[in-house]
Amino acid sequence: FASEYVLNQLIGTLPETLPQVAILNGITMGGGVGLSVHGKYRVATDNTMFAMPETAIGFFCDVGGTYFLPRLHRNLGTYLALTGARLKGPEVAVAGVA
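Engineer: So what's going on with the environment of Ala-51? Which residues, and what values?
Structural biologist: Tracing the chain through its elements places Ala-51 in strand E4 (residues 49-51). What makes Ala-51 buried here is its relative accessible area of 1%. Distance in space between the C-alpha atoms of Ala-51 and Cys-61 is 10 Å, their sequence separation being ten residues. Leaving out residues up to four positions away in the same chain, Ala-51 has contacts with Thr-28, Met-29, Gly-30, Val-33, Gly-84, Ala-85 and Arg-86.

Engineer: Kindly report on the nonpolar core, identifying the contributing residues and their values.
Structural biologist: A general trend in soluble globular proteins is that nonpolar side chains are found buried together. If you look at the biggest cluster of nonpolar residues, it comprises 17 residues, and the most contacted ones within it are Phe-50, Met-52, Phe-68, Leu-69, Leu-87 and Val-97. If you list the elements that add at least two residues to this core, you get strand E1 (21-24) and helix H2 (31-37). Beyond its immediate sequence surroundings of up to four residues, Val-97 is in contact with Val-37, Arg-42, Phe-50, Leu-72, Leu-87 and Val-92.

Engineer: Account for the sheet that holds strand E5 (residues 87-88), with residues named and values stated.
Structural biologist: Pairing in this open sheet of three strands is mixed, and the strands run E2-E4-E5 from one edge to the other. Pairing within the sheet leaves two strands with one partner each, and these edge strands are strand E2 (27-29) and E5. Bridge count between E4 and E5: two bridges; the pairing is antiparallel. In the strand pairing of E5, Met-49 is matched with Lys-88.

Engineer: Lay out unusual backbone geometry in plain terms, naming residues and giving numbers.
Structural biologist: In the Ramachandran plot, Arg-74 falls in the positive-phi region, its phi being about 55° despite a non-glycine side chain. Position of Arg-74 among the secondary structure elements: in the loop between helix H3 (65-68) and helix H4 (76-83). Positive phi, close to 65°, is recorded for Asn-75, a residue that is not glycine.

Engineer: Can you explain the packing of aromatic side chains? Please cite residues and give values.
Structural biologist: Inspection of the entire model under this criterion finds one aromatic pair. Between Phe-50 and Phe-68, the ring centres sit 6.3 Å apart and the planes meet at 70°, which makes this aromatic pair edge-to-face. Taken together, the positions of Phe-50 in strand E4 and Phe-68 in helix H3 put the pair 18 residues apart, joining distant regions of the chain. By relative accessible area, which is 9% here, Phe-68 ends up buried. One cation-aromatic arrangement involves Arg-71 over Tyr-67; the distance from NZ or CZ to the ring centre is 3.8 Å.

Cut-offs applied
Residues numbered from 1 in each chain as written. Predicted model: local features only at pLDDT ≥ 70, side-chain atom pairs only at ≥ 80, totals over all residues. Heavy atoms only, no water. Helix = DSSP H or I, 4+ residues; strand = E, 2+ residues; numbered from the N terminus. Buried < 20%, exposed > 50% of the residue type's maximum accessible area, 1.4 Å probe, protein only. Contact = heavy atoms within 4.5 Å. Core = buried A, V, L, I, M, F, W, Y, C linked by side-chain atoms within 4.5 Å. Pairing = 2+ DSSP bridges. Phe/Tyr/Trp six-rings, centres within 6.5 Å; stacked < 30°, edge-to-face > 60°. Lys NZ or Arg CZ within 6 Å of the ring centre and 35° of its normal.

Such coordinate-based values are descriptive only and should not be taken to indicate function.
Below, the structure written as structure tokens:
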């Protein structure tokens, strides 16, 4: 997992002159979440299914989930972290993920 965390940190600290755009099209879970949420620009499509499913079985969020989930509006991140619930399509944008 060390190389994944290093990559997530690199994406999160890219200079403004080198933007990373993540297009969340289809299933975006676990490591895919880590690769997308740390960048500055995220685009969700009608096909996006976003979740941290490991939380539904009692595991804690990795890939920076404990950083970005609490920052979602109206305690939505807490709800997602406690239930493993999924967001689909436009819900991802409304939640502030994309």
